[in-house]
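Each chain, letter by letter, is given below.
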Amino acid sequence: MPELPEVETVRRGLAPVMEGARFIAVEANRKDLRRPLPRDFARRLTGKTVMALGRRAKYLLADLSSNEVLLMHLGMSGSFRVSVEDRETTPGRFHHRRSGAKPHDHVIFHMSSGARVIFNDPRRFGLMLLVPRTELAEHPLIKQVGPEPLGHAFGGAMLAEACANKKMTLKAALSDQKVVAGLGNIYVCEALHRARLSPKRKASTLASKGGTPNAHSARLVEAIKSVLDEAIVAGGSSLRDHRRTDGELGDFQHRFRVYDREGGACPTPGCRGLIRRIVQSGRSTFFCPVCQK
DNA sequence: CCGCGGGCCTGAGAGC
DNA sequence: TGCTCTCAGGCCCGCG
């Protein structure tokens, strides 16, 4: 499901009920996610406080009072929802409203804020790991990740350098988390369309012969930043199962210009092209062959 | 180094 | 209604 805007939307939804709160209890209903849950997962979390909830690429990072970091990834179908703990009948004990349980609720955090934070993931491509904070930067899943696209440091020069000498296509380069963090199939297609660059173009063409970043690179960076910014403001995209943690749907899917619009009219002003779908690296690419060069 | 195919999983939707 | 087939927002591995 989730690319950077969806993960950031989830982070913003969870932060108010997790930051500064303790894990009162943790239910691990299914431990076989993309990797097995860590040994003693519930015990290692219980009693710990979430100092801060951050995001790096598509990873959520809960900084814990135990000097560990809870690293979470949503895979393709993961989602979080928040519900208020029902403890009215017997104070001090939990009376879960089991009617609210859904299939694939694999992990449930009972927080001292009174919130239940429920991780649901039908396909189980998601991930939860505990990593010592001092080792996080060197962790294999984090170490290789490229620059945050919304950071000030990310600009035309940085993107062009990351793409220099690459023989792969722009679509493949932008999808590569080592080149730039957080983009997935949807936002790569959308950014390339906004920048009017073909997904089939060689990534190395973002720099001129001497390696100097060119106008294409600057345009692409602007396109990436604008589409991500707008998607975050809209609360992400809800194609099938992405919801905000409050259950509300994100809105950005209505503003896709090319994604899943095969045969539709290209929205670029003055362009009379029709959106095409091709397959690159086994994934659908949507683009306008007329204005994306 | 690179593109491609397959695998990991389940569910939704299309077509028959 | 129910079956089969294809496809899906991520990521990893191995092959040629």
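A short tour of the structure in this document, coming up. Each chain has its residues counted from 1, running along the sequence as written. Throughout, the order in which chains and ligands are written sets their labels, letters from A for the former and numbers from 1 for the latter. Per-residue local features are limited, in this predicted model, to residues with pLDDT of at least 70; the limit for side-chain atom pairs, both in listing and counting, is 80 or more; totals at the level of whole chains, interfaces and linings are taken over all residues. To obtain the side-chain values, all non-hydrogen atoms of the structure were used and water was disregarded.

As a further point, take the overall build of chain A. From N to C terminus, chain A includes 7 helices and 10 strands. A radius of gyration in this sense is built from C-alpha atoms; the matching globule rule multiplies 2.2 Å by the number of residues raised to 0.38. Computed over the C-alpha atoms, the radius of gyration of chain A is 21 Å, within 12% of the 19 Å expected from 2.2 N^0.38 for a compact globule of 293 residues. In terms of its C-alpha atoms, chain A occupies a principal-axis envelope of roughly 65 × 40 × 30 Å. For chain A, the proportion of its 293 residues judged to be buried stands at 52%. Neither His nor the chain ends is counted toward charge; the positive residues are Lys and Arg and the negative residues Asp and Glu. Where a charge lies is defined by one atom per residue type, namely NZ (Lys), CZ (Arg), CG (Asp) and CD (Glu). Seen as two clouds, the 48 positive and the 29 negative side-chain charges of chain A have centres 6 Å apart. Put simply, DSSP marks the helices as runs of H or I at least four residues long and the strands as runs of E at least two long, and each gets a number from the N terminus on. Accessible area is worked out with a 1.4 Å probe on protein chains only. A residue is then buried under 20% of its type maximum, exposed over 50%, and partly exposed in between.

Moving on to helix α4 (residues 156-163). Of all the positions in α4, only G156, L159, A160 and C163 are classed as buried. End-on, the buried residues of α4 take up no more than an arc of 95°, which puts them together on one face. Contacts are residue-level and defined by heavy atoms, with any inter-residue pair within 4.5 Å sufficient. If you follow the buried residues of α4, they end up packed against α5 (170-175) and α7 (215-233). Taking the helix axis as origin, the arc is that swept by the directions to the C-beta atoms.

So, about the sheet that holds strand β6 (residues 105-111). Within the open sheet, the 4 strands sit side by side as β1-β6-β7-β5. Their pairing is antiparallel. Single-partner strands in this sheet number two, and they are β1 (23-28) and β5 (79-84). Here the strands of the sheet are splayed against their neighbours by 15° on average, with no regard to which way each runs. Summarising the sheet, β1 and β6 pair through 5 bridges and their orientation is antiparallel. If you follow A28 over to β6, its bridge partner there is V107. Pairing between two strands is assigned when DSSP locates at least 2 bridges connecting them. Comment: axis = line fitted to C-alpha atoms, over the contacting stretch for helices; angle = value between 0 and 180 degrees taken between N-to-C directions.

On to helix α6 (residues 185-194). Among the 10 residues that make up α6, 10 are buried, leaving the element largely enclosed by the rest of the structure. Residues of α6 that are buried: N185, I186, Y187, V188, C189, E190, A191, L192, H193 and R194. Of the surrounding elements, those touching the buried residues of α6 are α1 (4-18), α5, α7 and β10 (283-287). R196 sits one or two positions beyond α6 and adopts a positive phi of about 55°.

If even one non-hydrogen atom of a residue comes within 4 Å of a molecule or strand, that residue is called near it. Contacts to DNA strand B come from H104, P122, R123, R124, F125, K166, K167, M168, T169 and S281. Counting only atoms of DNA strand B within 4 Å of the protein, the sugar-phosphate share comes to 63%. As used in this structure description, the phrase polar contact means that two N or O atoms lie within 3.5 Å; if the pair is within protein, one of them must be able to donate a hydrogen and the other to accept it, and residues adjacent in sequence are counted only when both atoms belong to side chains. Note that a phosphate oxygen of DNA strand B is positioned 3.4 Å from one of the side-chain N or O atoms of R124. S281 is positioned such that a nitrogen or oxygen atom in its backbone is 3.5 Å from a phosphate oxygen of DNA strand B.

Before going further, it helps to spend a moment on the packing of aromatic side chains. Side-chain rings of Phe, Tyr and Trp, where Trp is taken by its six-membered ring, are said to pair if the distance between their centres is within 6.5 Å; with planes under 30 degrees apart they count as stacked, over 60 as edge-to-face, and otherwise as tilted. If you walk through the whole model with that rule in mind, you get 6 aromatic pairs. With a centroid separation of 5.0 Å and an interplanar angle of 80°, the aromatic rings of F23 and F109 are classed as edge-to-face. A residue pair is termed long-range when its members are at least 10 positions apart, and F23 in strand β1 and F109 in strand β6 qualify at 86 residues. In this pair, the class of F23 matches that of F109, namely buried. Ring pairs connect the aromatic residues Y187, F252, F256, Y259 and F286, which therefore count as one cluster.

Side chains that differ in sign of charge can pair as their charged atoms come close. Within this document, salt bridges are pairs made up of a side-chain nitrogen of Lys or Arg and a carboxyl oxygen of Asp or Glu, the two lying within 4 Å of each other. Inspection of every chain in the model, using the stated rule, returns 14 salt bridges. Residue E138 pairs with K143 through a salt bridge whose shortest N-O separation is 3.2 Å. For the pair E138 and K143, one class covers both residues: exposed. For D176, the salt bridge is made with K178, and the minimal N-O distance between the two is 3.5 Å. Through salt bridges that share partners, E8, R11, R12, R55, R56 and E148 make up one connected network.

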